[in-house]
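Structural characterization, general
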Amino acid sequence: MKRASTQLSRGLTQSATSQVFKSRPRIKIVEVSPRDGLQNEATVLDAATRAGLIASLAKAGLPFIEAGSFVSPKVKQMANTRDVLLSETLRPVLQDGKTVLSVLIPNMRGYQDFKNTMQSLQEDGVDASRIEVAVFASATEAFSKANLNASRAVALDQLAQVAQAALNNNVKVRGYVSCVVKCPYEGIVEPREVASTAKSLSEMGCYEISLGDTIGAGNIYTLEDMLSAVVGRMPLSQLAAHCHDTNGKACENVLHLVKLGVQTVDSSLAGLGGCPYAPGAKGNVATEDVVRVLEENFYDTGLVQELPGQTHEAALWQKLQDLSRLGQEIKGKLKSEADV
């Protein structure tokens, strides 16, 4: 189907517009603000506030949410992830049958903390089957040592242990590749290195691999070259886009990758976050911007629900307003905590 502009859609009859929207390709949005967003903020939020953010995101219709991580205590922003998952606030989210939460785990020590948390949930009678594990690998040696304090080979071995332990316990695993275009320490990254890393994650059992432009250095050409190399090693349907907006090109890059066939996009409410180990990483692409760009280009994010008699444009505007208010709310909490 040929893509139409928003202006053209306004000129269609209501019946024709309805048919167009029914046939739109669905794009999955993975919301990363509670983990990838907050970990790069100077302010440390308490568990109740973090759980409240996740619950609000779920209520806003975002069904895939990064909830936190079991990492080194040095990452203070994530230190209370166990308390977040055990929070009463999250019980309705865990039980709604729609929302999937994920937690980042870099090694077996983190996995043991995760396992203990899952056991506590089960002892409380909470169904935790929709909580997933996420593992991160780097396409460069220098970034792997900065982020995971290990070489790529050692890091992949550690992640394989985590993935196997999770899969043995019927927990799904999602993989992420960092620095898919450029590394803050090594410079330009060869697409074949990204493809090799992504393939390793796939072989250890990751059902989906998110390709991260960690410092936002990519453009539509470099990202397309990278994607082509990865698709040479694994199915396109298994890949996701994770773009940072350092150079103001994130939305353009996301749309281009989606047009190439990527069906999953990572984004962060209000553009929160970046990467504490990546100098120059301004921040993630904002969820509200991704939703606007994709919906206006006739992709279905699953977030815009039209009420009887309501146009898609009006429903989209309402959803963007809701997301904007939620983003301003969490930014306000970050600022108020910082001022204390």
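So, a few notes on the structure that sits alongside this text. Please read these numbers as outputs of a predicted model, since none were measured by experiment.

Calculation rules
Position numbers for residues start from 1 in each chain and track the written sequence from start to end. Owing to the predicted nature of the model, reporting of local features is limited to residues with pLDDT of at least 70; listing and counting of side-chain atom pairs is limited to 80 or more, with chain, interface and lining totals taken over all residues. To obtain the side-chain values, all non-hydrogen atoms of the structure were used and water was disregarded. Helix and strand definitions follow DSSP, with helices as H or I runs of at least four residues and strands as E runs of at least two, each counted in order from the N terminus. A 1.4 Å probe rolled over the protein chains alone gives each residue an accessible area, and that area as a share of the maximum for its type sets the label: buried under 20%, exposed over 50%, partly exposed in between. To estimate how far a helix should extend, the number of its residues minus one is multiplied by 1.5 Å. Should any heavy atoms of two residues lie within 4.5 Å, those residues are counted as being in contact. Within this scheme a cavity is a closed region of a 1 Å grid, computed over the protein atoms alone, that accommodates a 1.4 Å probe without allowing it to escape, whereas a pocket is open but has protein on both sides within 12 Å along at least five of seven lines; lining residues each have an atom within 4 Å of a point. Grid points are joined across faces, edges and corners, and a volume is the space filled by probe spheres set on the points. Under this grouping Gly is polar, as are all residues other than the nonpolar Ala, Val, Leu, Ile, Met, Phe, Trp, Tyr, Cys and Pro and the charged Asp, Glu, Lys and Arg. Each Phe, Tyr or Trp ring, with Trp reduced to its six-membered ring, pairs with another whose centre is within 6.5 Å; inter-plane angles below 30 degrees give stacked pairs, above 60 give edge-to-face pairs, and intermediate values give tilted ones. Residues enter a nonpolar core if they are buried and are Ala, Val, Leu, Ile, Met, Phe, Trp, Tyr or Cys, with the set joined through side-chain atoms within 4.5 Å. Salt bridge, as applied in this entry: a Lys or Arg side-chain nitrogen positioned within 4 Å of an Asp or Glu carboxyl oxygen. Note on terminology: disulfide denotes any pair of cysteine sulfur atoms within 2.5 Å.

Further remarks concern unusual backbone geometry. A positive phi angle, near 55 degrees, is found at Asn149, a position not held by glycine. Position of Asn149 relative to the elements: it lies in the loop between helix H8 (141-148) and helix H9 (152-168). Given the relative accessible area of 70%, Asn149 is considered exposed. Phi at Cys179 is positive, roughly 60 degrees, even though this residue is not glycine. With respect to the helices and strands, the residue Cys179 is situated in the loop between strand E5 (173-178) and strand E6 (182-183).

Turning next to H9. With 17 residues, H9 extends 24 Å from end C-alpha to end C-alpha; this agrees with the ideal 24 Å at 1.5 Å per step. Three or more residues of H9 are buried, namely Arg152, Ala155, Leu156, Leu159, Val162, Ala163, Ala165 and Ala166. Buried positions along H9 lie against helix H7 (108-123), strand E4 (131-138), H8, E5 and helix H10 (191-203). Directly beyond the C-terminal end of H9, a positive phi value near 60 degrees is found at Asn170.

Moving on, we get to empty space enclosed by the protein. One pass over the structure, following the stated rule, counts three cavities of 30 Å³ or more. As a volume, the largest cavity reaches approximately 70 Å³. Taken together, Lys28, Val30, Phe64, Ile65, Val100, Leu101, Ser102, Glu132, Arg174, Tyr207 and Glu208 make up the lining of the largest cavity. Only strand E1 (28-31), strand E2 (64-69) and strand E3 (100-104) provide two or more residues apiece to the lining of the largest cavity. Ranked by residue count, the leading element in the lining of the largest cavity is E3, at three residues. Taken together, the residues of the lining of the largest cavity break down into six nonpolar, one polar and four charged. Approximately 50 Å³ is the volume found for the second largest cavity. Around the second largest cavity, the lining residues are Leu211, Leu223, Met226, Leu227, Ala240, Ala241, His242, Cys243, Leu257 and Val262.

There is about 940 Å³ of room inside the largest pocket. Secondary-structure elements contributing two or more residues to the lining of the largest pocket are helix H3 (33-37), helix H5 (81-86), H7, H8, E5 and strand E8 (208-213). For the lining of the largest pocket, the element with the most residues is H8, which contributes five residues. Here the lining of the largest pocket is built from residues that sort into 19 nonpolar, 17 polar and seven charged.

Tallied over the entire structure, the rule returns four aromatic pairs. Both rings, one in Phe70 and one in Phe114, keep their centres 6.2 Å apart while their planes meet at 65 degrees; by these two values the pair is edge-to-face. Residue Phe70 is found in the loop between E2 and H5, and its partner Phe114 is found in helix H7; the two are separated by 44 residues along the sequence. The class of Phe114 is buried, set by a relative accessible area of 1%. Taken together, a centroid distance of 5.6 Å and an interplanar angle of 50 degrees make the contact between Tyr111 and Phe114 tilted.

Our focus in this paragraph is the nonpolar core. Within the largest apolar cluster, 93 residues are counted, with the highest numbers of intra-cluster contacts made by Phe114, Val133, Leu201 and Leu211. When near neighbours in sequence (up to four residues on either side) are disregarded, Phe114 contacts Phe70, Val103, Ile105, Ile131, Val133 and Val171.

The next subject is the pattern of salt bridges. In this structure the tally under the stated criterion is 15 salt bridges. Linking Asp124 and Arg91 is a salt bridge whose minimum nitrogen-to-oxygen distance equals 3.4 Å. Residue Asp124 is found in the loop between H7 and E4, and its partner Arg91 is found in helix H6 (residues 91-95); the two are separated by 33 residues along the sequence. The residue Lys333 makes a salt bridge to Glu329 at a minimum N-O spacing of 3.5 Å. Taken together, the residues span about one helical turn, with Lys333 and Glu329 both in helix H14 (residues 312-339) at a distance of four residues.

Further remarks concern the state of the cysteines. All told, the structure shown has zero disulfides when counted by the stated rule. You can see Cys251 has no disulfide; the closest cysteine sulfur is in Cys243, sitting 9.0 Å from it. The buried category is assigned to Cys251, whose relative accessible area is 18%.

That is the geometry; function is a separate question.
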